[in-house]
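So you can see what is in the structure, the chains are spelled out below.
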Amino acid sequence: MKWFWKFFKFGLWLGIFGVLAGAAAVGIAYYYLEPELPEIDNLRDVRLQVPLKVYTRDDRLIAEFGEKRRIPLDHEELPERLIQAFLAAEDANFYTHPGVDYRGLARAGIQLALTGEKRQGGSTITMQVARNFYLSSQKTFTRKISEIFLALRIENELSKAEILELYLNKIYLGHRAYGVGAAARVYYGKTVGDLDLAQTAMIAGLPKAPSAFNPLTNPSRAIARRNYVLSRMLELGYIDQAQYDEAHAQPVTASRYSPDIQIEAPYAAEMVRAEMVDRFGEDAYTGGYSVYTTLKAEEQSAANGALRHALDDYSDRHGYYGPESQLDSVPTQPEELDAILADHPTVGELLPAVVTAVDDKAASVYLGEGSTGTVDWKQMEWARPYIELDNRGPAPKKPADVVAAGDLIRVKWVEQDDKKVLRLSQIPRVAAAMIALDPNNGSIRALVGGYDFYHSKFNRVTQAKRQPGSGFKAFIYSAALASGFTPASLINDAPVVFEDPSLEGAWRPENYSGKFFGPTRLRYALTKSRNLVSIRLLSSMGIDNAVRHIAKFGFDPKEIPHNLSLALGSTEVTPLQMATGYAVLANGGYRVEPFMINRIEQSDVGVIYRANPLTVCKDCPAVVADTAAETPTDQAEESAAPPNESATDQQPRVAPRVLDERNRYLMYSMMQDVIRAGTATKARELGRKDIAGKTGTTNDQRDAWFNGFNQNIVANVWVGFDDNSKLGRGEVGGKAALPAWIEFMRTALNDVPDVEPTMPKGIVRMRIDPRTGARASAATEDAIFELFMAENAPEYAGGTTNTGTVSSQPVTTTPPTQDLF
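Residues numbered from 1 in each chain as written. Predicted model: local features only at pLDDT ≥ 70, side-chain atom pairs only at ≥ 80, totals over all residues. Heavy atoms only, no water.

Counting buried positions over the five residues of strand S3 (residues 289-293) gives five, a clear majority of the element. Residues of S3 alternate between two faces, with Tyr289, Val291 and Thr293 on one and Ser290 and Tyr292 on the opposite face, all of them buried. Pairing between strand S1 (residues 52-55) and S3: three bridges, direction parallel. When the sheet's bridge partners are listed, Tyr55 is paired in S3 with Tyr292. Alignment of S3 against strand S17 (residues 597-602), held across five bridges, turns out to be antiparallel. Bridging across to S17, Tyr289 finds its partner in Gln602. (Buried < 20%, exposed > 50% of the residue type's maximum accessible area, 1.4 Å probe, protein only. Helix = DSSP H or I, 4+ residues; strand = E, 2+ residues; numbered from the N terminus. Pairing = 2+ DSSP bridges.)

Following this line, the structure appears as structure tokens:
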């Protein structure tokens with residue numbers, strides 16, 4: 001027995017020595033590592049990297065930017081079943097250990113001693129929090145010891161609920177999903193509260209190896225891992241056998257879900273993204289910012305559809321370009337067809353499709369993912385072959401004249417006899433833009449920079465400088481009214497000759513009709529968009545005088561050509577600039593500045609920025625801008641108020657008056673006639689009295705515009721080719737652009753009262769002789785009513801008149817830079 005007691009004493013002393021040595025080792029390690037350990041005081045206030053989100057004014061998601069997808073959740077928002085699944089998979093003793101599971105560490109140590117391999121194991125949830133927030137993922141003994149010390153410190157500072165909340169919001173779960181909120185959205189398109197048991201267990205199985213156990217990239221291993229989590233939940237009593245069996249039998253239901261975009265507005269979203277990066281740098285993508293724009297969801301959707309429908313119609317008018325590609329033979333396996341369609345993404349509403357068969361009445365098409373459809377003859381008989389711009393081939397007589405098996409085509413869903421059917425279509429080659437804003441404060445309500453952002457990211461609303469053509473006449477005519485002309489002034493619609501010694505001949509601009517109509521009242525000339533009248537009018541009032549007036553609408557005088565071609569819209573402007581200028585005519589004569597960011601919020605902070613736009617206030621003390629001496633930007637800064645600030649107590653900024661209210665009223669009235677009896681009569685189908693506008697077309701129909709408004713909204717549409725090639729015969733503003741404006745305004749003006757502007761003081765209404773513009777006598781049988789500023793009202797014929805009649809002699813000047821009309 002002596003040998004036993006000796007062995008026992010030796011073992012006892014050895015154990016005591018081991019404990020003391022271990023304690024000493026721990027003490028030395030702590031002494032050595034403690035100065036390097038980070039402080040954890042900020043864990044309660046940690047700001048998780050949350051992507052930038054962009055919304056409409058009515059809280060509809062437009063876009064999400066950032067590499068890390070994360071939806072932070074409070075502990076109270078985490079379902080108990082979800083917590084149980086993660087505890088079963090990662091740390092069953094979470095609520096009982098002090099941050100370190102010594103038995104787990106011992107098992108990991110034994111594993112290392114027996115196999116010589118360092119494997120993941122023994123890490124508690126608290127240790128994972130320490131690693132994820134403060135340490136690298138490099139597997140070293142030093143990092144592991146630091147992890148243990150940090151975990152103990154975290155447990156001493158935070159509650160178990162706080163630790164769980166940090167862990168479940170921080171953990172990486174594959175496919176750019178960080179945290180359980182994002183994972184539920186990415187894999188299942190759900191919130192965590194809507195996950196079933198099998199889906200919950202699938203997500204809980206991901207932290208160990210997000211790529212290896214991913215249900216999208218490795219479904220078989222993902223199921224095995226999910227089932228392990230379910231078995232642990234059963235073993236721990238979190239679920240019963242029936243629940244286990246049901247969840248165990250479930251197939252993989254995960255799919256790749258993109259952010260839940262509710263409104264399509266990618267051009268606007270990109271503008272916001274760029275602005276946020278300018279403001280906050282790269283932190284814009286991770287700082288938890290939510291941007292609420294001024295866009296109205298319903299109007300944005302209407303603008304998307306209106307613009308696409310107009311371009312589709314234009315494309316159809318000019319013929320069918322043919323299939324995008326042709327296959328030598330039609331694959332029989334859906335997987336092969338899916339692979340082909342994958343290279344042809346959807347563009348706008350246009351779906352890629354492979355023609356699989358053609359008969360005398362229709363074509364059968366494959367749409368992808370096992371879906372098929374039929375395009376009947378009625379939906380393809382439009383497709384005369386495109387030969388060149390104004391030249392199409394013969395009308396087809398049967399489907400085989402249009403498509404063949406193996407053609408890769410475009411189709412879209414349309415209404416036919418109260419049901420949805422497929423129609424043959426094609427990606428338009430022509431481009432377009434639409435912008436709508438509130439003229440009373442400049443807030444942008446809808447913005448579409450092209451047919452499809454992912455087909456062309458060029459934002460034509462803000463980046464395309466094009467000639468506005470006759471749409472610019474609104475500003476020329478307003479300048480004429482300010483110079484003493486009246487709507488009844490007679491301007492001779494007669495030839496104008498431009499001569500230059502460097503040219504072999506002279507350039508003679510014409511009206512669109514090619515005809516000359518003699519003396520014409522100003523109102524009628526604008527209604528019919530008479531080019532020669534505009535040139536004579538500009539010549540009479542003086543170019544410099546006109547440019548000074550045009551600057552009041554927000555245009556930079558330095559960018560405006562100082563020659564008579566200006567009368568025909570030879571300057572270059574963006575659609576946004578045109579809409580801003582027309583806002584002055586819509587709102588009563590005030591200049592506003594377009595803006596799209598209404599407010600910016602930050603997670604756990606609240607509102608950090610709120611727009612303070614120039615706003616029309618007709619009852620406020622007048623603020624008048626002197627546009628003759630300052631640029632538009634200078635005027636706004638000096639005459640209005642301080643620029644936008646984030647403070648909640650900022651003073652409202654009053655929009656400055658830049659146009660006499662009587663001038664604006666007369667222009668509004670004259671432009672109402674453009675719709676009533678002029679170049680935009682199609683808009684009468686809206687059945688409203690309060691709408692006004694102006695068509696615009698440039699030389700050879702290279703640009704087509706419609707700029708229209710009432711007192712509540714301004715919207716303009718531009719159509720043209722990016723390379724400035726011709727639109728084709730007859731493709732004027734009233735044909736190419738106006739239909740999109742009408743379709744959009746039908747939605748935008750729904751439930752909006754039809755209220756015409758109130759006549760201001762100083763305007764008189766009197767009967768005139770339409771032939772002379774003079775005041776009509778009682779004997780004038782065909783007299784009409786006209787509006788005048790009181791000081792410019794005409795006298796009876798034969799008396800003193802002030803109608804601004806211009807000489808009928810031709811005007812000779814230098815030629816414009818382009819052959820406009």
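Now that the structure has been shown, we can carry on.
Here we come to the pattern of salt bridges. Overall, the coordinates contain 31 salt bridges when judged by the stated rule. For the salt bridge of Arg225 with Glu90, the shortest nitrogen-to-oxygen distance reads 3.6 Å. Highlighted residues: Arg225 in helix H9 (residues 219-235) and Glu90 in helix H2 (residues 80-90), separated in sequence by 135 residues. Residue classification places Arg225 among the buried residues on the basis of a relative accessible area of 9%. Take Glu90: its relative accessible area is 16%, and that puts it in the buried class. We note a salt bridge from Lys398 to Asp401, for which the minimum N-O separation is 3.1 Å. Here the salt bridges share partners, and the residues they tie into one network are Arg523, Asp673, Arg676, Glu756 and Glu786. (Salt bridge = Lys/Arg side-chain N within 4 Å of Asp/Glu carboxyl O.)

Residue Arg176 is not a glycine yet carries a positive backbone phi of 65°. Position of Arg176 relative to the elements: it lies in the loop between helix H6 (160-170) and helix H7 (180-188). For Gln701, which is not a glycine, the phi torsion comes out positive at approximately 55°.

This part covers the packing of aromatic side chains. The tally for this structure, following the rule as stated, stands at 18 aromatic pairs. With centroids separated by 6.2 Å and ring planes inclined at 70°, the aromatic side chains of Tyr314 and Phe721 adopt a geometry described as edge-to-face. Taken together, the residues span a long stretch of sequence, with Tyr314 in helix H12 (residues 297-317) and Phe721 in the loop between strand S23 (714-720) and helix H21 (733-748) at a distance of 407 residues. Each of the two residues, Tyr314 as well as Phe721, counts as buried. Between the aromatic rings of Tyr668 and Phe709, the centroid separation amounts to 5.1 Å while the plane-to-plane angle is 85°, which identifies the pairing as edge-to-face. With Tyr668 in helix H20 (residues 661-677) and Phe709 in strand S22 (residues 703-709), this pair connects stretches of sequence that are 41 residues apart. The pair formed by Tyr668 and Phe709 is uniform in burial state, with each residue classed as buried. Every member of this aromatic cluster is reached through a ring pair, and the members are Phe472, Phe475, Phe553, Phe555, Tyr582, Tyr668 and Phe709. Across from the ring centre of Phe94, 4.5 Å away, lies the NZ or CZ of Lys160, which sits over that ring. Directly above the ring of Tyr386 sits Arg429, whose terminal nitrogen or CZ lies 5.6 Å from the centroid. (Phe/Tyr/Trp six-rings, centres within 6.5 Å; stacked < 30°, edge-to-face > 60°. Lys NZ or Arg CZ within 6 Å of the ring centre and 35° of its normal.)

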